[in-house]
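Survey of secondary and tertiary structure
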Amino acid sequence: MAVPYVSPTRDTELIDLQQQVARLQALLEATRQVHSTTSLEQVMMCVLQIVVRELEMPGALFTVPALTYGVMPPAPWNACARFPLRDKEGSLLTELVVALPDNQELSLYEQDFIEGLALQAAVAVENANYHHRNLEWVRLQRDLEAARAIQRSLLPQQMPVIGGYSVAVRSSACYEVGGDYVDIVALPDGSHIMAVADVAGKGLASAIVSTAFRSAFRAMALSGLPLEEMATRMNNQHYAEGPEARGRYVTAIFLKLDAQAHSIEVVNAGHNPGFLVSPGKPVREVHASATPLGLIPSARYKSEQMDFPPGSRLLLYTDGLTEVFHDLEEFGAERLRTAFLECNSPECNAILDWLWTTLHEFSGGAPQEDDMTALAILRMPIGESESADGIEIRRPSGIIAAELGETRMNESNDTAVEIRLPSRLGYEKIAMSTAASVAKLMGFPDDRIEDLKTAVAEACINAIEHGNRLNDNLSIGVSLSMTDDSLEVKVVDEGSGVSDRPASPDIDRKMHGEEAARGMGMFLIEALVDEAEWVKASKGNNSYVRLVIRLDKEGT
Amino acid sequence: MEAGTKTTVDEIVADSGKPVSVLRFSGDISSSSRDAVLGAYGRVAKDRSVFLDFSRVDYINSSGIALVIQMMMEANKAAQEICAFGLTPHFQKVFTMVGITKYAKLYPDEPSAKAAL
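Now for a description of the structure that goes with this document. (Residues numbered from 1 in each chain as written. Chains lettered and ligands numbered in written order. Predicted model: local features only at pLDDT ≥ 70, side-chain atom pairs only at ≥ 80, totals over all residues. Heavy atoms only, no water.)

Within chain A one finds 12 helices and 21 strands. Each of the 556 residues in chain A was classed as buried or not, and the buried ones make up 48%. A separation threshold of at least 6 residues defines the contact pool for chain A, and within that pool the share at least 24 residues apart is 65%. Roughly 27400 Å² of accessible area belongs to chain A as shown, and the carbon and sulfur atoms make up 52% of that amount. (Helix = DSSP H or I, 4+ residues; strand = E, 2+ residues; numbered from the N terminus. Buried < 20%, exposed > 50% of the residue type's maximum accessible area, 1.4 Å probe, protein only. Contact = heavy atoms within 4.5 Å. Areas by Shrake-Rupley, 256 points an atom, 1.4 Å probe, with all protein chains shown as cover.)

Right under this line is the structure:
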C-alpha cells in the first residue's frame, strides 16, 4: 500500500496542529479539574498544583486567601508572573502569582495556558463563593425557622376560660421573627394580667429583646406587683441594660382584668391607645402616661381604673395594625377604631378575624410591612350568655326557631319555606339543614344536596360577616322556593350588598401570603350551584344572594 | 350554636417506618377553630410529616378551610409534608376546587395514608 506523500511544510503544520490540540486538551482537563469542586480552597489548590506539576514551575500562590504550593520566593514576588482573577463585574477576586524557573520567562504557550486557567479559575472561585454564601443562607434560614418556632411557642397557646368573657390574641410577624409581644398571665386570685408590647425595630434583634421582655414581665406579673410599679421597674431595668438595649426601647400596655369585680386597670407606657367600648358610652381611649420602657430613666407610670360592664369590649394593638398602607394612604387609628366598633360579634376570635380581613382588604393584599399584634377582651351582654351573677348560661334555643311565613321574600312561587335567623356565626347550619331537608324531599341526589348545603352555609356566613358585619342585633332571612325541577334559595341580609365579585382563589398566592387565606365563600357558591346572583340593596329592598340548583330528572 | 373543634394529636409510624404526627379533628371546623387547628399544629414536632384526620368532622366551612390553608403555609415553610384523610367525597371535591390538593395529598382513610408515605 502506497504511503501518501506529505510535504515538509504540511508536516510542520500538522505537528503544530497536534501541539495546539494537545495544549487545548490539557487546558480542558485543567478546567474540568478546577470546576470539579465547589470548595474555594480545593479550587485554588487545584489551580496551583496544575501550574506547578503540569507546567513544571517551582511554585505558585494565591494572594487572598493566602495559599501556596511548591517553592515561592519571598514577597513582593517582583520576579514572578502575576495573573489577576476577576469576577463578572471586573472586581479583583484574588491574584495568581507564579514563580519562574531560574533565568527564564514564560513561553507563549505557558503564558496562554495560565491566562486561560486563570479565567476558568475566576469562574470557579466565584461559584465557590456563591456556594459558600448559599450554605450560609440555608443555615441562617434554619436558625430563623427555629427562632420563629420558639417565638410562636412563647405566644399564649390557649386562651384563659373566664366565665362571661371572651378573650383572643393574634400576632403575625412581618419577617420570620418580630418584636411584637402579647401575653396573658393568670394570677392565683383569679385575675389576669395581660400585655401587648412592641420593641422598636423589626426582625431578629427586636425578637431577642422581646424574649428578654417576656421573662421580666412574667416574673414581675407573678410576683404580684401593682401595674404601675411593674412598669416603673421594667423601665429602669431595660434602661440599665445599656445603649444597645435603649435603642430597642419597648412601648407596652399592661392590663389587669378582675373578672369577679368586672373591672380593669390599664397602664400605658408609650404605646398606642387602647380602645374601650362600653354600651351607651363614648369610646374611651387609654393614652400613654409616660414614655416607652427603657427610653429614659425614672419615668413614672399612672394606671387607669375602669369598670367593664356587660357588653364592653377592649382592643389593645400594636402600630402594625394602624400603619397598613394602600398606596400612600395609611389605615390609621380612626379606621381601626371604626372597624372595631362595626364588629359586634360576641366572640373575640371573630372580632380579630374581622380586623385582619379589613386590613387585608384595605391594603389590597399587599405584603405585610410591620409586625401586627392585637388582644381583644369582651364581656358578654347580660341575657346573651350570662346572668347578672356571672354564671354562664346560653341563649334559649327557642330564639333560633324558624319563623315560618314571617316575611314573604319570594312572590313567584307557591311552594316556599322561609326562616329568619339570628345574625350569628353557627346559625348558618340551621339554614343548611333546612335546605338539605327540602332538597331531599324534592328528590335531589345526595351529592347535589351536599353541594347545596355548602353553598347555603357560605351564603349565610357572608350575610352574617359582610352584610350584617357580625352585628348580632340584626338577622338574616332565608327563603327556599321550589318548582318542579329547581330549588331557589335567597339569603337576605341588612347590609348594602357586595360591591365586587372576588377573583377565584389562587392557592399559590395564598400559600405565599400574597392573598388572604379566607375569601373563598363566593367562589364556592358559584362553583357548587347552577345559578348564583348577588343583588345589592336598593330603594328600601335589602341585599340578597340568590342560588338555584336544578333537578336533573334524566340523571336521577 | 357552633359545635366547636376538638383536636387530639397522635404520634404514629407510617408503613415506611417514618414518624408521623396525626391531628385528629372532631366537631366543626369554622372561624372559631383557630386554636384547635393552628394551635394544635404549633405543638407538633416539625421534623416529620403531618396527617390531618377529618373522619370525625361534622362540618367544615370556608373559614375552616382557610385555617387549614394557614396551617399548610406554616408546614410548607417548615418543609413538612401534609396528608389528609377521612374527608367525605364532597369535601374531597371542595378541597380540590380550592387547590389544597396542590400542597396536600388526600387519602380515603388512615391505612392508605400510612401505606403511601
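Moving on from the coordinates now.
Time to look at the overall build of chain B. A count of helical and extended segments in chain B gives 4 helices and 5 strands. Each helix and strand of chain B, ordered N terminal to C terminal, gives the series β-β-α-β-α-β-α-β-α. The contacts of chain B with a sequence gap of at least 6 include a subset with a gap of at least 24, amounting to 68%.

Counting residues in each nonpolar core, the largest one holds 66 residues, and the members touching the most others are Leu-315, Leu-355, Leu-487, Val-489 and Leu-547 of chain A. Among the elements that take part in this core, helix H10 (residues 446-467) of chain A stands out by supplying 10 residues, more than any other. The contacts of Leu-487 of chain A, once residues within four sequence positions are left out, are Ala-435, Val-438, Ala-439, Met-442, Phe-444, Leu-452, Leu-480, Ser-481, Met-482, Leu-547, Val-548 and Ile-549 of chain A. In this structure, Leu-52, Ala-66, Leu-67 and Val-98 of chain B belong to the second largest nonpolar core, which totals 38 residues. (Core = buried A, V, L, I, M, F, W, Y, C linked by side-chain atoms within 4.5 Å.)

Glancing now at H10 of chain A. All names here are of chain A. For H10, with 22 residues, the first-to-last C-alpha span of 30 Å sits near the 32 Å given by 1.5 Å per residue. Counting buried positions over the 22 residues of H10 gives 17, a clear majority of the element. With its phi angle positive at about 50 degrees, Arg-469 sits one or two positions after the end of H10. (Expected span 1.5 Å × (residues − 1).)

The next thing to look at is helix H7 (residues 332-342) of chain A. Residues and elements named next belong to chain A. Buried within H7 are the following residues: Gly-332, Leu-336, Ala-339 and Phe-340. Relative to the axis of H7, the buried residues are bounded by an arc of 120 degrees and lie together on one face. Tucked inside the fold, the buried residues of H7 contact strand S10 (274-277), strand S13 (313-317), strand S15 (329-330) and helix H8 (348-363). (Arc of directions from axis to C-beta.)

Turning our eyes to something else, we now look at the pattern of salt bridges. Side chains that carry opposite charge are capable of pairing whenever their charged atoms lie near each other. Applying the stated criterion across every chain, the model contains 37 salt bridges over all chains. Measuring nitrogen to oxygen at the nearest pair gives 3.7 Å for the salt bridge that ties Arg-34 of chain B to Asp-353 of chain A. Of this pair, Arg-34 of chain B sits in helix H1 (residues 34-42) while Asp-353 of chain A sits in helix H8, each in a different chain. A salt bridge links Glu-531 of chain A to Arg-550 of chain A; the nearest nitrogen and oxygen atoms lie 2.1 Å apart. Highlighted residues: Glu-531 of chain A in strand S20 (residues 531-535) and Arg-550 of chain A in strand S21 (residues 544-550), separated in sequence by 19 residues. Among the residues examined, Glu-531 of chain A registers a relative accessible area of 27% and is labelled partly exposed. On the basis of relative accessible area, Arg-550 of chain A is assigned to the partly exposed category, the value being 39%. Among the charged side chains, a salt-bridge network with shared partners connects Arg-170, Asp-353, Glu-465 and Arg-518 of chain A together with Arg-34 of chain B. (Salt bridge = Lys/Arg side-chain N within 4 Å of Asp/Glu carboxyl O.)

Residue and element names in this part refer to chain A. Of all the 7 residues making up strand S9 (residues 263-269), 7 are buried; the element is thus mostly covered by neighbouring parts of the structure. Burial along S9 is two-sided: the face carrying Ser-263, Glu-265, Val-267 and Ala-269 and the face carrying Ile-264, Val-266 and Asn-268 are both buried. Counting the residues in the hairpin turn of strand S8 (residues 250-258) and S9 gives 4 residues, including His-262, whose phi is positive at 55 degrees. In terms of strand pairing, S9 meets strand S12 (residues 303-307) through 5 bridges, oriented antiparallel. Residue pairing across strands places Ile-264 opposite Met-306, the latter belonging to S12. (Pairing = 2+ DSSP bridges.)

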